[in-house]
Structure formats: structure tokens, C-alpha cells
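Structural characterization, general
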Amino acid sequence: MNTKAISRRDFINRTAVGATAFALTPVTGLLARPAVGSWPKDAGKYRFYMIGHGHIDPVWLWPWTEGVAVVHSTFRSALDRMKETSDMVFTASSAQFYQWVADNDPGMLTEIRQRVAEGRWNVVGGWWVEPDMNIPSGEAMARQGLYGQLTLEKLVGKRATVAFNPDSFGHPGTLPQIIRLQGMENYVFMRPDPREKTLPANLFWWEGPDGSKVLTARIQGSYNNSREVSTHISNVLKVAGEQPVTDFMSFFGVGDHGGGPTKINIESIHRLKTEKGAPTVLYSSVDRYFEDVRAKQPNLPTVKDDLQHHAVGCYSAESAIKKNNRLSEAALVTAEKIATVGALIWKAHYPKERFTDAWKQVLFLQFHDSLAGSSLAVHSKDALEGHNYALNVAHTTTALAIQKLEWQIPSEDPESEYLVAFNPHAWEVSANMEYDLNHIPLPLVTDDRGQRLSAQYIQAQSVTGRRRLLFNATLPPLGYRQIRVRKGEAATESKVSAEPDRLENEFYRITFSPNGEIGIYDKEAGRDVFKGGATGCKGAVIDDPSDTWSHDVRDFTRNTLTEYNYVTKGEIGAFGNARTVVLEKGPLRAGIRVQSVYGHSDMTVDWMLTAGSRRIEAQVSLNWHERLKMLKFSFPVDVESPVPTYETPYGVMVREPNGEEDPGQRWIDVTGRRGADSYGLTVLNDAKYGYNVQGSDMRITVTRSAPYAHHGPDPLSKLAPGAEVLWMDQGIQTLRLLLVPHRGGWQDINAPRIAEEFIAPPVLSYQGIHRGTMSKSASFLSVDTPNVIVSAIKQSETGNDLVIRLVETLGKAAAPVLRFPSASFSWRGNIKPFEIKTLRVNPQTGDIREVNLLEE
């Protein structure tokens with residue numbers, strides 16, 4: 001094999017316009033290729049579809065503003081190469097990129113539209129960006145395709161048929177259904193690679209829990225290739241005999257910081273076309289590859305599984321962007337629900353364009369190097385601004401919609417204070433709610449029916465003039481109830497109590513160890529939830545020498561010696577030396593504050609227990625100042641034969657309790673055997689995505705203190721000797737937890753509905769004193785089936801129809817009924833296990849039809 005070294009100047013002269021030094025390294029051996037005549041004897045039977053590509057990370061080691069420039073130069077270079085090479089085809093994803101082109105260079109967009117029409121510019125992906133695939137919610141993935149496909153059709157006249165996420169760090173098993181419902185039937189990925197995930201073939205049918213299938217290809221080698229293409233083709237041929245097809249894709253072009261197909265690529269392809277004994281090569285699109293493969297109807301295996309694990313540290317790196325992502329998703333969904341109903345019933349404003357802009361901001365920040373936490377510190381500041389914009393749009397819209405409602409509800413007693421509580425869920429919800437009010441001694445809190453509500457005062461947000469009222473109320477499905485507060489007699493009966501070492505209600509007795517761990521005694525089950533008693537929620541500190549991605553790590557407590565050679569000491573300590581103090585002690589809720597320390601860090605956990613409730617709340621404030629360490633909360637559930645279940649985007653995944661780090665959404669559950677009975681614990685949170693289960697020890701990764709954008713295997717001392725290092729997650733961060741012990745499984749407590757209520761609680765609005773014509777409580781939509789949630793209600797992107805999304809969450813077929821009490825129509829239908837079903841409603845006629853995720 002001949003190797004020729006070329007200079008950087010010569011390389012740039014022979015490559016794409018706009019290529020960068022970062023993207024070009026290494027520059028030695030770029031022309032290496034098999035010697036003429038050295039192809040395997042059977043090479044001629046193989047066919048390689050040469051895919052011109054220029055992978056663009058709009059943020060990574062650079063800010064998004066630089067990404068805009070990279071998109072422009074990469075697309076310009078690709079168009080120039082196409083003029084020089086009449087049959088070359090270019091492939092590009094990400095609707096955001098085309099929007100930037102439309103905004104900044106309309107002439108270039110015209111060129112691209114022409115190449116798309118000719119079949120020489122292949123639009124793939126169909127999403128706003130190539131996001132992280134584990135952290136966005138199911139609804140966010142639905143919006144990626146909604147705004148992505150509609151934008152592509154508007155700007156370039158074509159939607160994608162191939163979903164395309166080659167650089168994302170893992171892919172949930174629920175994705176095939178989402179892809180199919182967005183008009184795509186094929187999928188391309190690269191990570192995890194064969195070392196990280198064994199698959200029966202690199203081309204296979206990927207089947208989701210609902211039965212949806214997509215034809216899926218794992219890229220072999222890389223989605224980038226700035227070199228002579230024969231080397232990559234030769235490497236693929238070494239394992240080609242193990243694959244069920246003889247047709248393969250080979251990607252060429254400079255990538256990451258853009259660049260696209262190079263002159264070196266093109267020259268080598270032209271040579272290869274005439275080389276004796278070489279495989280057949282042709283310029284092609286990803287679309288054509290799948291069309292040709294499908295036409296041959298090969299016998300392909302089916303995979304029913306997640307595609308994990310790559311870069312498991314990215315489930316937890318950079319806490320702020322992850323929490324703000326979850327809060328933004330939930331706030332926008334809640335705002336859309338209330339504004340949609342409000343526009344229909346009480347003439348509230350539905351800001352469709354602002355919602356679209358806010359969603360696109362959130363979707364862009366879900367780009368894989370952004371949401372994964374593998375970008376620069378400066379991007380974290382940009383992300384904070386973006387999430388704050390989305391939250392502002394959502395919260396402002398919600399507040400104004402409910403304010404317009406409350407103006408129409410009578411509240412006529414000047415001696416009383418009034419609140420309106422709105423439930424954003426399509427089922428009845430009983431919840432604790434809090435609001436600071438002017439001080440009323442011995443408050444009497446009642447609902448619109450005159451029913452007295454359990455209430456107490458708790459710590460206010462100010463020290464002057466106001467008191468914070470805590471009360472519990474039951475709210476109608478997707479509706480509201482007026483709450484009245486006036487002077488009365490104090491309630492004396494209480495079924496919840498607190499002492500410095502104990503919390504107790506009708507169902508649990510909670511105790512605290514000297515180190516701050518908790519014990520939960522389940523009175524109905526007659527035993528402790530955790531092994532060893534007060535051992536739950538231990539703040540375990542783990543040595544974490546891995547890079548920002550945690551490359552090649554599967555279990556943070558065990559060593560896997562690879563090229564990265566990260567050697568961990570495992571668990572090296574825990575938070576301890578705890579102090580406890582009674583925080584609340586009222587008829588409705590009692591609370592204990594636990595303060596503990598480790599190293600340079602301290603943590604406060606406020607444990608709350610409500611009378612009559614089987615849910616245990618915790619509010620965590622962590623002041624973290626460690627480096628190259630991670631913090632996990634440990635919950636060693638006292639069961640045998642444990643089965644861990646993780647919430648995933650619009651579904652669940654059961655995984656092995658083998659200690660490996662796994663991604664999850666809002667909740668994780670461990671259920672096992674206790675004698676002849678099933679028992680378990682579900683833990684929910686509002687901010688975290690990384691988990692692991694070793695045996696029955698369920699753990700949530702709270703934080704990792706890795707450096708920003710440290711890509712191994714080289715250690716920090718070699719990469720930046722003597723330089724100042726910026727460390728992630730230093731300082732204060734907060735999260736909420738909810739613990740739900742249970743008999744039976746997570747299905748018996750309906751964990752998905754608990755998660756909906758936890759992340760999107762009722763919204764409170766203060767009322768002035770005025771007359772009104774609307775009733776003091778009302779419900780606008782309800783679903784009668786416990787295993788079906790209404791995950792979204794919005795106005796349609798075209799026209800003014802209503803779009804309602806239903807999701808089956810417990811893995812059981814159902815026949816739900818949707819009722820619209822304020823209208824004269826309802827809907828009855830069937831839904832399969834884990835199916836996503838979208839309805840489009842004409843509010844004028846009552847016509848309801850099933851549509852896909854593109855609302856068609």
C-alpha cells in the first residue's frame with residue numbers, strides 16, 4: 001500500500017472550499033489506497049453507493065454563530081463540486097440549515113431547489129436538527145419532524161423519506177413509530193458502533209414496541225472521509241461476506257466543521273470506476289440506496305431493541321441544559337393545551353407564531369452536541385438564553401390565557417381572596433398547590449362547591465406582609481376550579497407528623513440515618529422498602545476520570561480497559577455528617593430538612609409527606625464543587641429478581657440490572673418479588689436522564705464534574721498543560737424527586753400519569769373581585785381510559801383545527817372515549833399497545849379524523 005504525504009496547502013487546494021484545519025487532520029496518508037490489482041477476487045460482485053456528505057455540527061467546539069457560517073460555506077462548496085462533476089450527488093439534513101440559507105442567501109436556496117428537483121441534492125433527516133436521541137421527550141421528537149418536514153417542503157419543495165442521525169449517541173427503541181408517522185420509512189445511524197452494540201447485520205428491520213418497522217442502516221466506518229475513498233471501501237469488503245446484502249453506502253466528504261466532498265474524494269472515485277477488479281461504485285443518494293435495496297427484497301433480520309450504548313456520560317453532562325430542556329418541553333405543552341382550549345371557549349389568544357418560534361429554539365438546542373453537554377461553556381450560556389425565551393413564551397401565554405378566563409368567573413366577596421386552579425391533564429387530578437397571599441388568620445379554604453379543603457401556611461417567599469398558603473384540591477379533567485380563601489376556624493385534625501428523626505402518615509414511617517439516608521417503612525406491606533432499613537437516597541460519590549462523553553465506559557464503577565484506559569476507583573465516598581430539622585408540621589403536610597456534606601460540597605434535601613398520600617416528595621439543592629467525580633442517588637430496593645423499567649420517549653424499556661449506565665426520561669422503576677408478591681419502587685425526577693441498576697440497587701446520576709468538551713483519550717495534562725480548565729456543574733443546582741413505593745408493578749400505580757402530573761402541575765392564577773358569567777368550575781376535555789394520556793393539544797399548523805395527541809402508556813390495547821363537555825361531540829376509537837394516535841378536530845363541525853404526526 002502506497003502512502004503519500006501532502007502539504008496542508010496542497011490539501012486545501014484539492015478539497016472543498018471552506019474546509020478547516022480541524023476538519024482536515026490528520027493530513028498524512030490521505031492518498032493511501034489498495035494497490036492496483038489488490039482487490040479481493042470477489043470484489044466485483046459488490047456495489048458501493050458513494051454518498052457525498054458534509055456533516056455539520058452547528059455547535060460543538062464553536063458557537064452556533066460560527067455554525068451558520070459553516071453551513072453557508074459547506075453548501076457553497078457542494079454546489080461548486082456538483083458543477084464540476086456532472087453526476088455527483090450531495091446529501092444534507094437539518095431543516096434549520098436550509099432556513100439559515102433562506103434567510104441569508106436566497107440565491108443559494110434557488111440553486112439548491114434546482115438540484116433537489118434534478119435528484120442531485122438529497123434532502124434527508126426530516127427533522128429540525130440531528131438531535132440527541134435519548135433526552136428529548138416523545139412530543140419533542142414529534143415536533144422535530146413536524147417543523148422539519150414542513151420547512152423542508154416549503155423551502156426546497158421536498159420532504160425527507162430517510163430519517164438520518166449518524167452522529168447521535170444512541171437511539172431509543174420507540175423511534176420507529178415516530179419516524180413512520182412523520183412520512184419516513186428508512187433510518188441511518190452510526191453510533192453505537194460494532195464494539196458498542198452487536199447487531200445481526202448492518203442493514204436490518206428495526207421494530208418498535210407498537211409493531212412499526214423502518215429499514216435501518218448502520219454506517220460502516222464513518223460519515224466523514226476526506227481521504228481517497230478506496231481505503232474505506234477496502235475495509236468494508238473485509239467484513240462484507242458477513243452481511244445479508246452486497247450493496248453498501250460509502251460516505252465521502254469533510255465533516256464536523258463542515259466542508260463537504262473534496263476534490264481528492266472525487267478524483268479517487270473516478271479512478272476507482274476504471275480500476276480492474278474493483279467493486280462497482282456510483283454516485284448516489286441515500287434515498288436511491290434504500291429504493292434499490294428494497295427492490296431486491298433481501299432477507300434481513302429484525303431488531304427489537306434500543307440502539308445503545310455510546311457516550312454514556314452525555315446522559316448527565318451539563319445539568320442545566322438538561323433540566324431546562326425538560327422544563328421547556330413541559331411548559332410549552334401546557335401552554336398550548338390551555339391556550340387552545342382558551343381560544344375556543346373564552347376567546348383567549350393563541351400565539352401560533354410565537355409557539356413555533358419557541359419550539360424551534362428548543363429543538364435547535366436539542367442538537368446532539370448541545371443537549372448532550374459535549375459543547376463549549378459559551379454554548380451553555382446561549383442555551384440558557386434560548387430556554388429562557390421558550391419558557392417566557394410558555395409561561396406568559398399560560399398566564400394571560402388563565403387571566404382572561406378568571407375575569408369571566410364571578411368572585412364577589414371583598415372579604416375573601418380567590419384563586420383559579422387549572423388542570424392541564426385530561427383526567428381528574430388531586431394535587432397540593434401553593435400561593436403567597438395577604439395574611440388571613442386561620443384561613444378557611446373552600447372550593448366552588450363550598451367543600452372545605454385541607455390547608456396550612458408554609459414558609460413564604462418574602463418576610464414581609466404575605467403568607468404562603470398550601471392546600472389540596474381535586475380538579476376536573478382539563479379544566480378549572482375556583483378556590484376561595486377567607487377567615488375561619490383552624491383545622492386541628494392531622495394524619496401526618498414530623499419529628500427531627502421521623503416523618504409519618506397513614507401509609508409510611510420515614511426515618512433518617514446519621515448520614516442523611518432515609519428508611520421507608522410501608523405500613524400496608526409491613527416491611528421496609530430498602531435493604532438494611534435507612535439506606536435510601538444515599539448520595540454516593542464515584543471516581544470519574546473519563547472525558548466529557550465517557551467514551552468506552554459502560555459502568556462507572558467498573559473498569560473497561562480500551563484505548564481510552566480510564567481507570568476508576570469506583571465508589572469513593574458519600575455525603576454524610578447530616579443535620580435534620582423539622583421544616584413543616586401541619587394538618588396537610590409535614591417536612592424534614594436534611595443537610596449533609598462531602599468534600600467541598602454540601603446538599604440540602606427537603607423531604608415532604610402529605611396526609612393521605614402514597615407519594616413521597618423531595619426538593620434537592622446541591623452545592624457541588626468536586627472535579628472528576630460524579631454523584632448518584634442510591635435506592636437499594638428490598639426485592640428479589642429485580643426488573644428495571646425506564647421511561648423512554650413515548651414508551652418504556654425493560655433493561656438488565658447489570659450496573660450499566662442507561663438513558664431514561666422522567667422515571668425509573670425496579671419491581672421484584674417479595675415472597676409470593678410483587679413489590680417495587682418508582683422514582684421520578686424533573687431534571688435527570690442518566691440511571692443504572694445493579695441488582696436491585698436503583699441509581700440516578702445527579703451530576704458529573706467533567707471538563708467542558710474534553711475528548712479523550714489524551715488526558716487533560718497533555719491536551720492543555722498548565723491551562724485553566726473549565727469544569728461543568730460547579731455551584732448550585734436543584735431538582736425534585738417523587739418516590740412511589742407500590743405493590744404490583746409500575747402499571748398498577750400508573751407511573752406514566754404520575755409523571756405527567758409531576759412535571760406539569762396545576763396552574764394557579766389570582767383573581768380580583770368582580771362579576772362574571774362563566775361557571776366556577778368546568779371541564780373541557782376528558783379521556784376515560786387510564787392507560788391513555790392526552791399528551792398534546794394544539795392548533796393545527798395549517799388552518800384553525802384542533803390537534804389532539806393520544807398515547808397508550810401501559811402496553812395494553814384500549815378503546816378510549818374522548819369527551820368534549822363544552823361541545824356537542826365526542827370521539828371513540830381503538831388504540832394499540834404503545835401506539836401514538838393523533839386526531840384532527842374541526843371545532844366548527846365536530847368532524848374528527850385520524851392524522852399522522854405531520855397533522856395530515
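First things first, this report covers the structure right here in the doc. (Residues numbered from 1 in each chain as written. Predicted model: local features only at pLDDT ≥ 70, side-chain atom pairs only at ≥ 80, totals over all residues. Heavy atoms only, no water.)

Examining the nonpolar core
Here is the rule: Among the buried residues, those of types Ala, Val, Leu, Ile, Met, Phe, Trp, Tyr and Cys that are joined through side-chain atoms within 4.5 Å form a nonpolar core. Here's how the labels work: a residue is buried when its accessible area is under 20% of the maximum for its type, exposed when over 50%, partly exposed in between, all with a 1.4 Å probe on protein chains only. The criterion used for residue contact is that any of the two residues' heavy atoms lie within 4.5 Å.
In this structure, F75, Y98, I112 and W121 are the most contacted members of the largest nonpolar core, which totals 94 residues. Residue contacts for F75: discarding those within four places in its chain leaves I56, F90, A92, F97, Y98, V101, M108, I112 and W121. Of all hydrophobic cores here, the second largest spans 59 residues; its members include F204, M774, L806 and V841.

Regarding unusual backbone geometry
For clarity, the cut-off: Helical segments are the DSSP runs of H or I of at least four residues, strand segments are the runs of E of at least two, and each set is numbered from the N terminus.
Geometrically, the link from R191 to P192 is a cis peptide bond, its omega value of 5 degrees lying close to zero. The omega angle of the peptide bond from Q308 to H309 is 5 degrees, so this bond is cis rather than trans. Note that H309 resides in the loop between β10 (302–303) and α11 (319–345). Even without being glycine, S94 reaches a positive phi, approximately 75 degrees. Tracing the chain through its elements places S94 in the loop between β2 (90–92) and α4 (95–104). Phi is positive for S641, which is not a glycine, with a value near 50 degrees. Of note, S641 is situated in strand β29 (residues 640–648). What makes S641 exposed here is its relative accessible area of 55%.

Some thoughts on the sheet that holds strand β35 (residues 697–704)
Heads up, the condition is: For two strands to be treated as a pair, DSSP must find at least two bridges joining them.
Taking strand neighbours across the sheet as the criterion, the six strands line up as β23-β22-β28-β35-β34-β31 in an open arrangement whose pairing is antiparallel. A single partner strand is all that each edge strand has here, and the edge strands are β23 (571–574) and β31 (662–663). With seven bridges connecting them, strand β28 (residues 629–636) and β35 associate as antiparallel partners. Each residue of the ladder has a partner; that of S634, found in β35, is R699.

Re the pattern of salt bridges
Filter applied, for reference: A side-chain nitrogen of Lys or Arg and a carboxyl oxygen of Asp or Glu constitute a salt bridge if their distance falls within 4 Å.
Within the structure shown, the criterion is met by 52 salt bridges. Residue K197 pairs with D305 through a salt bridge whose shortest N-O separation is 2.6 Å. Of this pair, K197 sits in the loop between β5 (186–189) and β6 (203–207) while D305 sits in the loop between β10 and α11, placing them 108 residues apart in sequence. Put simply, E434, D436, R468, E584 and R589 are held in one network by salt bridges that share partners.

Overview of the packing of helix α12 (residues 352–365) against helix α14 (residues 377–406)
So the rule is basically this: In this analysis an axis means a line fitted to C-alpha atoms, helices contributing only their contacting stretch, and an angle means the value between N-to-C directions, from 0 to 180 degrees. Any angle that is under 35 degrees is reported as roughly parallel, and any over 145 degrees as roughly antiparallel; angles of 65 to 115 degrees are reported as roughly perpendicular and all others as oblique. In this scheme, a crossing is called left-handed if the near helix is turned counterclockwise away from the far one by less than a right angle; it is called right-handed if the turn is clockwise.
For the pair α12 and α14, interaxial distance at closest approach is 9 Å and the crossing angle is 150 degrees. As summarised for this structure, α12 and α14 are arranged roughly antiparallel, according to the angle between their axes. As α12 packs across α14, the resulting crossing turns out to be left-handed. Between α12, through R354, F355, D357, A358, Q361, V362 and L365, and α14, the contact on the second element is made entirely by H379, A383, G386, H387, Y389, A390, N392, V393 and T397.

Points about the sheet that holds strand β15 (residues 466–475)
Where strands meet in a sheet, backbone hydrogen bonds hold them as pairs that are either parallel or antiparallel. Overall, antiparallel pairing links the three strands, which are arranged β12-β15-β14 in an open sheet. Looking along the sheet, the strands with just one partner apiece sit at the ends: β12 (429–438) and β14 (455–458). Neighbour to neighbour, the strand axes of the sheet diverge by 30 degrees on average, direction disregarded. Pairing geometry for β12 and β15, over ten bridges, is antiparallel. The partner of V429 across the bridge, within β15, is L475.

Concerning the packing of aromatic side chains
Aromatic ring pairs: the centre-centre distance and the angle between the two ring planes describe each pair. Heads up, the rule is: Centres within 6.5 Å are what make two rings of Phe, Tyr or Trp a pair, Trp counting through its six-membered ring; a difference in plane orientation under 30 degrees is then read as stacked, over 60 as edge-to-face, and the rest as tilted. Geometrically, a charge over a ring is one whose NZ (Lys) or CZ (Arg) sits within 6 Å of the ring centre while staying within 35 degrees of the ring normal.
In this structure the tally under the stated criterion is 31 aromatic pairs. Relative to F780, the ring of W346 has its centre 5.6 Å away and its plane inclined at 45 degrees; by these criteria the two rings are tilted. With W346 in the loop between α11 and α12 and F780 in the loop between β38 (777–779) and β39 (782–783), this pair connects stretches of sequence that are 434 residues apart. The pair W346 / F780 is uniform in exposure class, with both members buried. Between the aromatic rings of W667 and W746, the centroid separation amounts to 5.1 Å while the plane-to-plane angle is 45 degrees, which identifies the pairing as tilted. Here W746 lies in helix α16 (residues 746–749) and W667 lies in strand β32 (residues 667–674), a separation of 79 residues in the sequence. For W667, a relative accessible area of 0% puts it in the buried group. Through a chain of ring-to-ring contacts, three or more aromatic side chains come together here, namely W64, F97, W100 and F364. Lying across the ring of Y689, R326 places its NZ or CZ 4.1 Å from the centre. Positioned above the aromatic ring of F758 is the side chain of R736, whose terminal nitrogen or guanidinium carbon lies 4.1 Å from the ring centre.

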